[in-house]
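# Summary of the model geometry
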Amino acid sequence: MDNLTEKELLNYAIENGIIDIDTIQKQIEMNERYRYIEMHESKVWQSTDGNWYTYLPDIKSKNGRKLIKRKTETGLYDSIVEHYKSIENEPYIETVFDEWVSKKLSYGEIQKQSYDRYKTDFDRFFKDTRIANTKFRYITEEMLEDFIKSTIHDKELTSKSWSGCRTLLNGIFKYAKKKGYTNISITSFMGDLDISKKSFKKRVFTSEESVFTDNEVLMISEYIQKREPTIIELGVLLTFETGLRVGELSAIKWSDVDGYLLNVNKREIHYRGDDGKYIYEIVDEAKTDAGTRKVILSENAQRLLKQIRTINPFGEYVFMKNGKRIRGACFTRRLLGICKSLNITQRSEHKARKTYATKLLDAGLNDRLVISQMGHTQIETTRKHYYFNNKNIEQNKKQIEEAIKYG
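Attention in this report is confined to the structure presented alongside it. (Residues numbered from 1 in each chain as written. Predicted model: local features only at pLDDT ≥ 70, side-chain atom pairs only at ≥ 80, totals over all residues. Heavy atoms only, no water.)

### Let's talk about the environment of G364
Formally: Numbered from the N terminus, helices here are DSSP runs of H or I no shorter than four residues, and strands are runs of E no shorter than two.
Tracing the backbone shows G364 in the loop between α15 (349-362) and α16 (367-374). G364 sits 321 residues away from K43 along the chain, and the two C-alpha atoms are 77 Å apart.

### Observations concerning the sheet that holds strand β1 (residues 45-46)
As a reminder of what qualifies: Two strands pair under a simple rule: DSSP has to find at least two bridges between them.
With respect to topology, three strands assemble into an open sheet ordered β1-β2-β3, the strand pairing being antiparallel. In this open sheet, the two strands that pair with only one neighbour each are β1 and β3 (65-70). Sheet analysis places strand β2 (residues 52-57) next to β3, joined by six bridges and oriented antiparallel. Bridge assignment links T54 to a residue of β3, and that residue is I68.

### Considering the sheet that holds strand β5 (residues 261-264)
If you trace the three strands from one edge of the open sheet to the other, you get β4-β5-β8, paired in antiparallel fashion. Only two strands of the sheet have a single partner each, and these edge strands are β4 (257-258) and β8 (293-296). Direction of pairing for β4 relative to β5: antiparallel, over a ladder of two bridges. Within β5, the position partnered with V257 by the bridge is L262.

### Points about the packing of helix α11 (residues 231-242) against helix α13 (residues 299-311)
The line we're drawing: In this description, a line fitted to the C-alpha atoms serves as the axis of each element, helices being fitted only across the stretch in contact, and the angle between N-to-C directions of two axes falls anywhere from 0 to 180 degrees. Under this scheme an angle from 65 to 115 degrees is roughly perpendicular, one under 35 degrees roughly parallel, and one over 145 degrees roughly antiparallel; angles in between are oblique. Handedness of a helix crossing follows the sense of rotation of the near helix relative to the far helix, less than a right angle counterclockwise being left-handed and clockwise being right-handed. The contact criterion used is simple: two residues touch if any of their non-hydrogen atoms lie within 4.5 Å. Amino acids are sorted into nonpolar (Ala, Val, Leu, Ile, Met, Phe, Trp, Tyr, Cys and Pro), charged (Asp, Glu, Lys and Arg) and polar (every other residue, Gly among them).
Look at α11 against α13: their axes get within 10 Å of each other, and the N-to-C directions meet at 160 degrees. One element, α11, and the other, α13, form an angle in the roughly antiparallel class. Pair α11 / α13 crosses with left-handed handedness. Packed against α11, whose contacting residues are I231, L234, L237, L238, E241 and T242, the element α13 presents N300, A301, L304, L305, Q307, I308 and I311 at the interface. Partitioning the contact of α11 with α13 into residue classes produces nine nonpolar, three polar and one charged.

### What about the environment of E222?
Heads up, the rule is: Residue exposure (1.4 Å probe, protein chains only): buried if accessible area is under 20% of the type maximum, exposed if over 50%, otherwise partly exposed.
Considering the arrangement of structural elements, one finds E222 in helix α10 (residues 214-225). Under the relative-accessibility criterion, E222 is labelled partly exposed at 47%. Along the backbone, E222 and D362 are 140 residues apart, and their C-alpha atoms lie at a distance of 23 Å.

### Overview of the packing of aromatic side chains
Put simply, the rule reads: Each Phe, Tyr or Trp ring, with Trp reduced to its six-membered ring, pairs with another whose centre is within 6.5 Å; inter-plane angles below 30 degrees give stacked pairs, above 60 give edge-to-face pairs, and intermediate values give tilted ones.
This structure, assessed with the given rule, holds eleven aromatic pairs. Note on W45 and Y55: the rings are 6.0 Å apart at their centroids and 45 degrees apart in plane angle, and the pair reads as tilted. Of this pair, W45 sits in strand β1 while Y55 is found in strand β2, placing the two residues ten residues apart along the sequence. Note on W45: relative accessible area 26%, which makes it partly exposed. With relative accessibility at 25%, the residue Y55 sits in the partly exposed group. Ring centres of F97 and W100 lie 6.1 Å apart, and the angle between their planes is 55 degrees; on these two criteria the pair is classed as tilted. Of this pair, F97 and W100 both sit in helix α4 (residues 93-106), separated by three residues, roughly a single helical turn. For F97, a relative accessible area of 1% corresponds to the buried category. By the ring-pair criterion, three or more aromatic residues cluster together here, those being F97, W100, Y118, F122, F126 and F147.

### Details of the pattern of salt bridges
Note the following rule: Salt-bridge detection follows one rule: a side-chain nitrogen of Lys or Arg within 4 Å of a carboxyl oxygen of Asp or Glu.
With the rule as written, the count across this model stands at 17 salt bridges. In this structure, the salt-bridge partner of E156 is K201, at a minimum N-O distance of 3.8 Å. On the criterion of sequence distance, the pair formed by E156 in the loop between α6 (141-154) and α7 (159-179) and K201 in the loop between α8 (186-192) and α9 (207-210) is long-range, its members being 45 residues apart. Taking the relative accessible area as the measure of exposure, K201 reaches 43% and is therefore partly exposed. We note a salt bridge from E316 to K253, for which the minimum N-O separation is 2.8 Å. On the criterion of sequence distance, the pair formed by E316 in the loop between α13 and β9 (320-321) and K253 in the loop between α12 (246-251) and β4 is long-range, its members being 63 residues apart.

This is the structure:
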């Protein structure tokens, strides 16, 4: 018997009637009952009507508690135990977030790509914070305000980054209120929240960082065309001629090309699969509320497509290599490599799209035509985020000389 483990000894005692398992179970339940009763801080009393009374915490009531009564003292303590037992099983904010975002995905309100972005944003903003380590019921408006302002300050959020955090807070707290986890009205709270514009980190992008100059575009074109260009390099040039998003560029099919018109009605998305690896798909939808659009192709864009056709004459998609569609990220990687080879500021394919928008606006095109080509809903979006000075110093000087010339 000396060599038996504790588990073997316990099994021996139970099998031989030395220990009664039912007695152990009852003792465990009794200890648990005492623990829940000790959590209760309000007074328990018997009124003159013979009933037993106490106050239980209640987040839905104005004073934070509710009066309950039972006919017997045992019945009252049963209710107290049941209340604190249910609270102990209440969720933290991460559980509520998971429920909310999973339902949005199942209802088709978001795609898997957005689901992944929400999960990444949650980890970025909420992990290891005070409200993440507090049961949802006990998150107060004061705690919420402290979380928001400290997050903006400590993580140096821009106003755009804050909008991502705010999206999660609105969704999580609206869902939590419906489920009865909180009485905070996030709509009212956000409406009353006072955040100074000075709180946000300012990110100022220079024109040199945001768009390519006319001379740089010419250098890139000559670099590609002076030798036998690859299909990816021709795709880079096509971006400068069409302003397509990189995901749209990757999704073009030959059936989308109609003379001097290009039907933009698909895009590439990517998200993590169950194994954690990225899955790339084409979806039949536009990126924004502007919806699908028909992009007018310049003569140079049409020539580029003819070149691409000679490289890929039989593929379903315009950009394919070894029978597989070329992913959007490949175009950006190649453009960055070309910039490095030419010793010019490295910029992504998105900056080529901004260069295209700048060219359209500088040419004085009708606003409706500009937003139609860009896939925007408002010209203000194009002007605020896509319009930069893409002229070099000499060109700027010449324009200023012409502008202030007298006589």
